[in-house]
Every structure is written in C-alpha cells, then in structure tokens.
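A look at the structure
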Amino acid sequence: MSKTNLLETARSFPNAWSSRVIGRAANANVKVLRMDSGAYPDESHDFDEALLVLDGCMRLDLQGQVTEVQAGEVFIVPAGVPHAVAPGSHGTLVIIDQ
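Structure report, in brief. (Residues numbered from 1 in each chain as written. Predicted model: local features only at pLDDT ≥ 70, side-chain atom pairs only at ≥ 80, totals over all residues. Heavy atoms only, no water.)

**Digging into the pattern of salt bridges**
Taken as a whole, this structure holds 3 salt bridges when the rule is applied. Salt-bridge contacts for Arg11 lead to Asp55; the nearest nitrogen and oxygen are separated by 3.8 Å. Linking Arg11 in helix H1 (residues 6–12) with Asp55 in strand S4 (residues 49–62), this pair joins segments that are 44 residues apart in sequence. Under the relative-accessibility criterion, Asp55 is labelled partly exposed at 25%. Between Arg59 and Glu68 there is a salt bridge, with the nearest N and O atoms lying 3.4 Å from each other. (Salt bridge = Lys/Arg side-chain N within 4 Å of Asp/Glu carboxyl O. Helix = DSSP H or I, 4+ residues; strand = E, 2+ residues; numbered from the N terminus. Buried < 20%, exposed > 50% of the residue type's maximum accessible area, 1.4 Å probe, protein only.)

**Describing the layout of surface pockets**
Gaps left between atoms show up when a probe the size of a water molecule is rolled over them. Taken as a whole, the largest pocket spans an internal volume of roughly 210 Å³. Mapped by element, the contributors of at least two residues to the lining of the largest pocket are strand S2 (28–35), strand S3 (40–43), S4, strand S7 (83–85) and strand S8 (90–97). It is S4 that provides the largest number of residues to the lining of the largest pocket, a total of 4 residues. (1 Å grid on protein atoms, 1.4 Å probe; cavity = no way out; pocket = protein on both sides within 12 Å on 5 of 7 lines; lining within 4 Å. Points joined across faces, edges and corners; volume = space filled by probe spheres on them.)

**Quick notes on the environment of Leu7**
Structurally, Leu7 can be placed in helix H1. On the basis of relative accessibility, which here comes to 28%, the residue Leu7 falls in the partly exposed class. Through-space distance from the C-alpha of Leu7 to that of Val32 is 8.5 Å; in sequence the pair is 25 residues apart. Those residues in contact with Leu7, other than ones at most four positions away along the chain, are Leu54, Asp55 and Thr92. (Contact = heavy atoms within 4.5 Å.)

**Side note on the pairing of S2**
Among the 8 residues of S2, 6 are classified as buried, and the element is accordingly described as predominantly covered. Pairing of strand S1 (residues 20–25) with S2 involves 5 bridges; the strand directions are antiparallel. Within S2, the position partnered with Arg24 by the bridge is Asn29. The hairpin turn running from S1 into S2, its antiparallel successor, is 2 residues long, and Ala26 in that turn takes a positive phi close to 50°. Here S2 runs beside S8; their pairing, made up of 7 bridges, is antiparallel. Across the sheet, the residue bridging to Asn29 is Asp97, located in S8. (Pairing = 2+ DSSP bridges.)

All we've got here are geometric facts, nothing functional implied.
Pasting the structure below:
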C-alpha cells in the first residue's frame, strides 16, 4: 500500500498531456497528467473513460460542443464517443480507464 500526491506527481512531469499510470484499482488504470493551455486531439475508446479534474478546468469538446469540467468534477465519456480537449484547459487531470 502506498500514498501518492497527485498534484505533485503531475507537476513533476516535463511535458503536459503525458499521462502516467500511477496504479490500478478494480481492473482500471488510474492515470494523472498535467494540462496546459493547449488543445489535445480527438480520440475515442472502446471503453468508458472517467475524467476527474483535481485543479483547474478542462474544456472537453464532445462532437463540437464544449463543456467545462471544473475542479472537483468528473465527466464520464461513454465508449465510442469521440472527444477532445479544447484550448484553455489547465490544471491536473486524473483519468480512469482500461
């Protein structure tokens, strides 16, 4: 068993948008990354993906409609739904996926 400071871990990464698996729980990856003001391209997965904002704001683009996900909020992207991150997103993001 161990404890991880997610904010410090994300801040230590040399590049934004580079996620790192910090552990697994209930057969899911738990990843952390640092967002900067840049965009992240469209992607989709064959599994649901949880996007949890620890600090800052993620501007999630779902098929042309931007939704702001604030610190303390989570957005579950259903499997097969294309999504991207719009410019202006910043802070720390936790991703829970397969």
